[in-house]
Amino acid sequence: MVTAETLAARRQEIAGSDDLSRLLERLTAGAHPVLDRMPAIPRAKALLSTDGGVCPDDGATLVFDPWSPISHHCPRCGRSVTGERHDRWWARFQHLWVAERAVHLAAIGVFGEHAAAATRACELLAAYGDIYFACPNRDNVLGPSRLFFSTYLESIWISSYLAAATLLREAGQLDDGTAKRVAQIADEAANLIGEFDEGFSNRQTWHNAALAAIAVWFEDEDLLRRAVEGPTGLLAHLAHGFGTDGMWFEGENYHLFALRGLLTGFSWVRAAGVDPYADPELTAQLDRALRAPTLTALPDFTFPARKDSRFGVSLAQPMYLELWEAGRGAQGGFEHWLAALYASPAPPAEVFDSYLHEAGAPPPVRRGREDLSWWMLLAMGPALHGSAERWRPESVLLEAQGLAVLRTGGRYASLECGAYGGGHGHPDRLHLTLHEAGTLWLPDPGTGSYASPDLFWYRSTLAHNAPRLDGVSQPVGDAVADSFDVRGEWGWTRGRYGDVSRTLVSGPDYLLDVVELASEESHAIELPWHFTGEASVEAPGSWEPAVLADPQVSSAERFLPEGRAPLVIRAPAEGGSKPLRATFLFDGELLRAVAPGVPGSGPARFYLARASGKAVRLVTALSTGELSLSLHAAGDTIEVRTAKGVHRHHGVVEGWEIEVGSAVVRLSGRRAEPRTIGPLTPQEPPLKESGVALRVAEPPALDGTLDGFDAREPLALDHDDQYRRSEEPYPGPDELSALAYVNWDDDTLYLAVDVTKPDPCFRPDGAPPLLLDNEPDDIHSDGLQVYVRLDPAGGVFGFLVVPSHRDQALRVRGASDTAGDPAMVEGAWSRTETGYLITLALRLPGWDAVAHGDEIDFDLLVNETLPGRERRAGQLVWSGGGGWVYLRGDRQPAERFGVVALA
């Protein structure tokens, strides 16, 4: 338990440790700005928008300065900008920073016996007594929240807030009035966080940590048991969110975020007197989770930006250092890894929601253990005995994650297979990352801002060094790493995704890459190459305009070679170090184009190899330095000619062989088919909602009335299980409901929707853009979403429909990720005594093939917004399911559609 006795014991341990004593001294010195003046605490709810926190001149992210609430600095152009949107962006980080400062002050107040720090910590806690409840729980992006727009931020904030309060209370330094205010806030936070369970999400680890903190504050055993032992509690997340290889299923970025949430939660569990490390199996799984990012780290100690990761982030960030310090403090290990991180140059502190300790301060040249945050006063071991020179990572296959890493000399090459990765996954199966000679030559770009349109580029196959077929991004699916082996200086791996395989063979002088298509049908296979720097083709030839269809791609050109010189692309390194040469062998064409580079870099040129057929092979040899390679194919054998001799590569039944002079290197390592991780409990497929579409002899009037509609078989949207809410539960059918009538004839599908809503709120025609996110603005209006699929194997036609303010006209747009086209829709609307009525005609391609007795997939959603809101309040869904409306935009999964029979 956190008691006066345990705090006193820790105080003695700090006094007896040079590292911990220096940490306490640094924390005390760093507290002076907050002791000298009370920081500004935002009275506004934080807002996520596309323009808040972004320089209007150059698009750079503004600097978060905790001491500048109304003037925000651009690091690129130097301009200071003002405005409510920027202030509400700043409020997000300021609320989190103030809570961190409260616990920072509480820690030095308790362990450093600093009375002024404890007093200021109490003042910061008390200040939220009024502010917290004045912020409305509405207009949220992802889960209920008062101070923020998402529940996970509320969870991070309350964890820091209660850490400060708990330390002060147990040290006898929290007055009764402040304790009462803290309890009121904690009780409300428990209600908000507790009702929004996100299942196996990286965010849910923080929800669990917050609920554990609240349980400790109230000494609530039932709440603690739910946070720890519940179906989606901390233990379940450790056992199932982190795979058998220790990696979180969404990749390194979310692995590190979830791991900090897990360790924070375990700290609260220990504070309640329970030892989560007592179970050897859980301890072993936690060790695997702590070790996993060390195995995949790039040679420069950044983590690979797989899936929706941030790009180029160092694992020597202080927030990440604390993970291994806390894990080591709990169970040991990681000395050499930590020593290597501390020995590397200190990266500038990134802005993280869960770590703002260095915000506003310049980074040190080297970070030591004394540069970490207040948490380490409680969690860090007294001393670190490790050697950076003894950290030597090796090649590895993370089988559950499907990531193969080949390390040869200073080269790092990885092949991404495995599962797609959930909502943060990318269609980048068989992507190649290459880091060699101090340069990241072939990066995974990760993802920039979720509110920026370039999100769709980074979530495309074309943005990766991964193959695609027929000019479209890979469909959602998993790839398998079926082989992995290392023998001396040679290593190999092979992955398969559908009809495409990719083989990497890493030797002492080069990396051989072999992409193969083997299909019963002919396809165009394309392999993008995103080289770092200004790569150029060394072979003689010219360029002519070409077509590479993508909204974010420009300046596409095709290479016209002169003669039969080898096709080589040379990428120079920055600073004059060794360049990279890529030598190609394939029967096809080479293109180049311009598209967004890695996040924060601006536009960049990339290359693309394209070939067609049923059986296609694209071979590339990559090497740094002055080594000149040439490639030749003789049947299934690939010859790589180097200055040292000829290497002959060929696949064999059990693996891969390389003839090096008179020697033969045999690589095998066939892997068993990995077990697909399914749900923890069997899930029955959802029951399909069903309805009837009646045939009409004449087209309805389509004038916003029911004239001409056969209204005998209405579809009802009027009960709680059909309502997806943002904050408040279903208000009832008198406040929101609908009856829909579906008719048809040989040419058209007709739809009338009579919506009950006493005070409809329609977004005006020509209204300024909301600039909230990447979703269409019209979802934040009363209106409809309609989805039709004529054939279960065919495409979906989806439409977003909103009444016009000026007349009976409708605004129609095709719904995201569907084939819906506004030209397919005709209709009108009218006001009624109880709400509004919309009538539509949908003239869909392929409708002439349907007939009486057929069934079509269908769904109807009714969006709800309320006066004074920035975002929609909820929506009714004919196919049912209930739940929450967050992050759905105008999308509806086809597997959720109901069925309408044509009668």
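Let me begin by describing the structure that accompanies this report.

Rules used in this analysis
- Residues numbered from 1 in each chain as written.
- Predicted model: local features only at pLDDT ≥ 70, side-chain atom pairs only at ≥ 80, totals over all residues.
- Heavy atoms only, no water.
- Helix = DSSP H or I, 4+ residues; strand = E, 2+ residues; numbered from the N terminus.
- Rg over C-alpha atoms; globule rule 2.2 N^0.38 Å.
- Buried < 20%, exposed > 50% of the residue type's maximum accessible area, 1.4 Å probe, protein only.
- Contact = heavy atoms within 4.5 Å.
- Areas by Shrake-Rupley, 256 points an atom, 1.4 Å probe, with all protein chains shown as cover.
- Lys, Arg positive; Asp, Glu negative; His and termini not counted.
- Charge placed at Lys NZ, Arg CZ, Asp CG, Glu CD.
- Core = buried A, V, L, I, M, F, W, Y, C linked by side-chain atoms within 4.5 Å.
- Polar contact = N/O pair within 3.5 Å; in protein donor to acceptor, adjacent residues only side chain to side chain.
- Pairing = 2+ DSSP bridges.
- Axes fitted to C-alpha atoms, helices over the stretch in contact; angles between N-to-C directions.
- Parallel < 35°, antiparallel > 145°, perpendicular 65-115°, else oblique.
- Left-handed = near helix turned anticlockwise from the far one by under 90°.
- Phe/Tyr/Trp six-rings, centres within 6.5 Å; stacked < 30°, edge-to-face > 60°.

## What to know about the overall build of the chain
- Check the secondary structure of the chain and you find 16 helices and 37 strands.
- Computed over its C-alpha atoms, the radius of gyration of the chain comes to 30 Å, within 12% of the 29 Å expected for a compact globule of 903 residues.
- Considered along the principal axes of its C-alpha atoms, the chain spans approximately 85 × 85 × 55 Å.
- The buried share among the 903 residues of the chain stands at 58%.
- For the chain, contacts bridging at least 24 residues in sequence account for 65% of all contacts bridging at least 6.
- Accessible surface, the chain: about 35,600 Å² in total, of which carbon and sulfur atoms supply 50%.
- In the chain, which carries 80 positive and 124 negative side-chain charges, the distance between the mean positions of the two groups comes to 6 Å.

## So, unusual backbone geometry
- The phi torsion at Asp139 lies on the positive side, around 55 degrees, for a residue other than glycine.
- Relative to the helices and strands, Asp139 is located in the loop between α5 (115–134) and α6 (151–170).
- Since its relative accessible area comes to 7%, Asp139 is described here as buried.
- One non-glycine residue, Ala437, adopts positive backbone phi at about 55 degrees.
- Looking at the secondary structure, you find Ala437 in the loop between β6 (431–436) and β7 (439–442).
- Its relative accessible area of 33% is what places Ala437 among the partly exposed residues.

## Side note on the nonpolar core
- Membership of the largest hydrophobic core comes to 130 residues, with the highest contact counts inside it found for Trp157, Leu162, Tyr320 and Trp324.
- The element best represented in this core is helix α4 (residues 84–111), accounting for 15 residues.
- Leave out the neighbours within four places in its chain, and Trp324 touches Leu256, Leu290, Pro293, Thr294, Leu315, Phe334, Trp337, Leu338 and Leu341.
- If you look at the next biggest cluster of nonpolar residues, it comprises 43 residues, including Leu442, Phe531, Ile569 and Tyr607.

## Observations concerning the side chain of Asn465
- Here Asn465 shows up in the loop between α16 (455–458) and β8 (468–469).
- What makes Asn465 buried here is its relative accessible area of 0%.
- Side-chain polar atoms of Asn465 contact the backbone oxygen of Pro443, separated by 3.2 Å.
- Excluding its chain neighbours within four sequence positions, the residues that come into contact with Asn465 are Leu430, His431, Leu432, Leu442, Pro443, Arg502, Leu527, Pro528, Trp529 and His530.

## Describing the sheet that holds strand β5 (residues 411–416)
- Spatially, the five strands line up as an open sheet ordered β3-β4-β5-β6-β7, and their pairing is antiparallel. Of all strands in the sheet, those bounded by a partner on one side alone are β3 (396–398) and β7. Within this sheet the neighbouring strands show an average axis-to-axis angle of 15 degrees, counted without direction.

## Section: the packing of helix α8 (residues 202–218) against helix α11 (residues 252–271)
- Here α8 crosses α11 at 15 degrees, and the two axes come no closer than 8 Å. As the angle between them shows, α8 and α11 are arranged roughly parallel. Relative to α11, α8 is oriented so that their crossing is left-handed. Residues Asn202, Arg203, Thr205, Trp206, Ala209, Ala212, Ala213 and Val216 of α8 pack against Tyr254, Phe257, Ala258, Arg260, Gly261, Leu262, Thr264, Gly265 and Trp268 of α11.

## Considering the sheet that holds strand β21 (residues 637–642)
- The antiparallel open sheet is built from five strands, whose spatial order is β20-β21-β22-β23-β24. With partners counted over all chains shown, the strands left at the sheet margins are β20 (630–634) and β24 (663–667), one partner each. When strand polarity is set aside, the average angle formed by the axes of neighbouring strands in this sheet is 20 degrees.
- Pairing analysis gives five bridges linking β21 to strand β22 (residues 645–652), with the strands arranged antiparallel. Bridging from a neighbouring strand, Ile638 pairs with His649 of β22.

## Some words on the packing of aromatic side chains
- Under the defined criterion, the tally for this structure stands at 35 aromatic pairs.
- Between the aromatic rings of Phe303 and Tyr320, the centroid separation amounts to 6.0 Å while the plane-to-plane angle is 70 degrees, which identifies the pairing as edge-to-face. Of the two residues, Phe303 sits in the loop between α12 (280–296) and α13 (318–331) while Tyr320 sits in helix α13, which places them 17 residues apart along the sequence.
- A ring pair is formed by Trp543 and Tyr607, whose centres lie 6.2 Å apart and whose planes are at 55 degrees; its orientation type is tilted. Of this pair, Trp543 sits in strand β14 (residues 541–545) while Tyr607 is found in strand β19 (residues 603–624), placing the two residues 64 residues apart along the sequence.

Any functional reading would require information that these geometric values do not contain.
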